[in-house]
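Examining the three-dimensional arrangement
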Amino acid sequence: MTSTRIATLSGWLYSGTTALYYGLPLGLIAALTPGIASPDWLLSRMTDLPQGTAMTPFKYAAVIGIVWLALLPMFGALSHMRGLFRLYRRGDILTDTCAHHILRTGQWLVTLAGTSLLIKPLQTVLMTYDNPPGQRALAIGIDSSMLGFLLAGGLLVAIGWVMREAALVAQENAGFV
Amino acid sequence: MTRIIVRLDVMLARRKMRSRDLAEAIGITEANLSLLKSGKVKGIRFDTLARICAVLDCQPGDILEAERIA
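Just so it is clear, the structure is predicted and the values come from calculations on it, not from any experiment. (Residues numbered from 1 in each chain as written. Chains lettered and ligands numbered in written order. Predicted model: local features only at pLDDT ≥ 70, side-chain atom pairs only at ≥ 80, totals over all residues. Heavy atoms only, no water.)

**Topic: the overall build of chain B**
What counts here: In this text, helices come from DSSP runs of H or I with a minimum length of four residues, and strands from runs of E with a minimum of two, each type numbered from the N-terminal end. Only C-alpha atoms enter the radius of gyration, while the globule expectation follows 2.2 Å times N to the 0.38, with N the number of residues. Exposure categories follow from relative accessible area, calculated using a 1.4 Å probe and restricted to protein chains: below 20% of the type maximum is buried, above 50% is exposed, and the middle band is partly exposed. We call two residues in contact whenever any of their non-hydrogen atoms come within 4.5 Å of each other. The protein chains shown are the only cover counted for residues, whose accessible areas, like all others here, come from Shrake-Rupley with a 1.4 Å probe.
Summing up its helical and strand segments, chain B has five helices and two strands in all. Listing each helix as α and each strand as β along chain B from the N terminus yields β-α-α-α-α-α-β. Taking 11 Å as the expected radius of gyration for a compact globule of 70 residues, we find that chain B reaches 12 Å, a close match to that expectation. With respect to the principal axes defined by its C-alpha atoms, chain B has extents near 35 × 20 × 20 Å. When each of the 70 residues of chain B is scored for burial, the buried share is 29%. Residue pairs in contact within chain B that sit at least 24 positions apart in sequence constitute 67% of those at least 6 positions apart. Here chain B has roughly 4700 Å² of accessible surface; of this, 51% comes from carbon and sulfur atoms.

**Focus: the packing of aromatic side chains**
Residue and element names in this part refer to chain A. We count it as follows: Think of it this way: a Phe, Tyr or Trp ring, Trp meaning its six-membered ring, pairs with another when their centres are within 6.5 Å, and the plane angle makes it stacked under 30 degrees, edge-to-face over 60, tilted otherwise. A ring is scored as having a charge over it whenever the NZ atom of a lysine or the CZ atom of an arginine sits within 6 Å of its centre and within 35 degrees of its normal.
With the rule as written, the count across this model stands at two aromatic pairs over all chains. Centroid distance tyrosine 21 to tyrosine 22: 5.1 Å. Interplanar angle 85 degrees. Geometry classified as edge-to-face. Each ring, one from tyrosine 21 and one from phenylalanine 75, has its centre 6.0 Å from the other, and the planes form 85 degrees; the classification is edge-to-face. One end of the pair, tyrosine 21, is in helix H1 (residues 2–37); the other, phenylalanine 75, is in helix H3 (residues 57–89), and 54 residues separate them in sequence. Judged by its relative accessible area of 13%, phenylalanine 75 is buried. It is arginine 89 that lies over the ring of tyrosine 14; its NZ or CZ is 4.3 Å from the centre.

**So, the interface of chain A and chain B**
Heads up, the condition is: Buried area: the accessible surface (1.4 Å probe) lost by two parts on joining, summed over both. The rule for a salt bridge is simple: a side-chain nitrogen of Lys or Arg has to be within 4 Å of a carboxyl oxygen of Asp or Glu. Polar contacts, as used here, are pairs of N or O atoms within 3.5 Å; protein pairs need one atom able to donate a hydrogen and one able to accept it. Residues neighboring in sequence count only if both atoms are side-chain atoms.
Taken together, the contact between chain A and chain B spans six residues of the former and eight residues of the latter. Between chain A and chain B, a total of about 660 Å² is buried, with carbon and sulfur atoms accounting for 57% of that surface. In terms of surface lost to chain B, no three residues of chain A exceed Gly175, Phe176 and Val177 of chain A, which account for 84% of the buried area on that side. With a shortest N-O distance of 3.3 Å, glutamate 172 of chain A and lysine 42 of chain B are connected by a salt bridge. Connecting chain A to chain B are seven residue pairs in polar contact (both at pLDDT 80 or more).

**Here we look at the confidence of the model for chain B**
Residue and element names in this part refer to chain B. To keep things clear, this is the line we draw: Per-residue confidence from the predictor is reported as pLDDT, a score between 0 and 100.
Predicted confidence across chain B gives a mean pLDDT of 93, with 100% of residues reaching 70 or more. Per-residue pLDDT, averaged within each element of chain B, yields its smallest value for strand S1 (residues 2–6) (91) and its largest for helix H4 (residues 46–56) (96). With a pTM of 0.80, the predicted complex shows an ipTM of 0.81.

**Observations regarding the environment of threonine 4 of chain A**
Residues and elements named next belong to chain A. Structurally, threonine 4 is set in helix H1. With a relative accessible area of 51%, threonine 4 lands in the exposed category. Placed 122 residues apart in sequence, threonine 4 and leucine 126 show a C-alpha to C-alpha distance of 52 Å.

**Remarks on helix H2 (residues 19–26) of chain B**
All names here are of chain B. To keep things clear, this is the line we draw: Here the arc refers to the directions that run from the helix axis out to each C-beta atom.
Taken together, the buried positions of H2 are occupied by Ser19, Leu22, Ala23 and Ile26. Buried residues of H2, seen end-on, are gathered within an arc of 100 degrees and therefore sit on one face of the element. In this fold, the buried residues of H2 make contact with helix H1 (8–15), helix H3 (30–37) and H4. Note on H2: the residue one or two positions beyond its end, glycine 27, has a positive phi of about 85 degrees.

**Examining the side chain of glutamine 123 of chain A**
Residues and elements named next belong to chain A. In this structure, glutamine 123 sits in helix H4 (residues 96–128). Of the residues examined, glutamine 123 reaches a relative accessible area of 12% and is grouped as buried. In terms of polar contacts, glutamine 123 uses its side chain to reach the backbone carbonyl oxygen of valine 63, at 3.4 Å.

**What to know about the side chain of serine 10 of chain A**
Residue and element names in this part refer to chain A. Assignment of secondary structure puts serine 10 in helix H1. Judged by relative accessible area, which is 3%, serine 10 ranks as buried. Setting aside its immediate chain neighbours within four residues, serine 10 contacts Phe85, Tyr88 and Arg89.

Here it is as structure tokens:
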């Protein structure tokens with residue numbers, strides 16, 4: 001019963017994380033497409049910049065690049081989540097490989113919390129570095145999603161370590177008939 | 001140093017029972033029973049041992065032997 005529900009749920013979660021893994025880049029490209037034709041569109045979305053801040057092709061590419069780099073940990077986490085759900089779907093639940101995937105997912109989520117924190121400061125510095133003195137900005141923002149990623153990531157790291165121990169116990173138990 | 005030898009083959013022969021039938025009777029796979037017979041397991045649960053003794057009508061000492069090795 002337990003194995004069946006784990007396999008069933010993991011099948012759905014594998015499909016979901018796979019859709020997100022491939023859909024997220026496409027969604028991001030679609031969201032940023034208006035800016036390709038009109039770089040000032042991106043400038044209009046960054047409301048905490050001083051008046052008169054100019055957009056240049058270099059700034060545009062760099063701001064978009066920062067977003068992609070900051071989201072890389074998300075792909076790392078999704079990759080390991082897919083790996084974990086693939087194993088759970090076929091019934092491998094208490095193995096060292098599963099523990100490894102849980103641990104790495106947690107580490108990537110903690111990293112994502114860190115990179116998310118860096119997006120706004122980096123973007124505002126990049127956008128205003130060539131402004132006159134007194135009109136340069138450095139913005140820092142912390143929101144609940146960052147804290148959520150940090151806590152969830154930390155939880156998964158701890159669970160990953162515990163699952164490593166559990167996998168050893170399961171391996172030991174498998175030697176008994 | 002002492003090791004435990006499993007004499008299950010001997011008891012199966014005495015009772016004229018096949019491994020497959022014993023495995024089915026005690027509720028373990030034939031593969032696990034084969035590992036047990038060859039001594040390639042880390043241990044045996046009391047529950048499994050009790051079922052083996054019940055099916056083969058024997059004592060644990062009839063199927064397990066301690067052998068001193070150099």
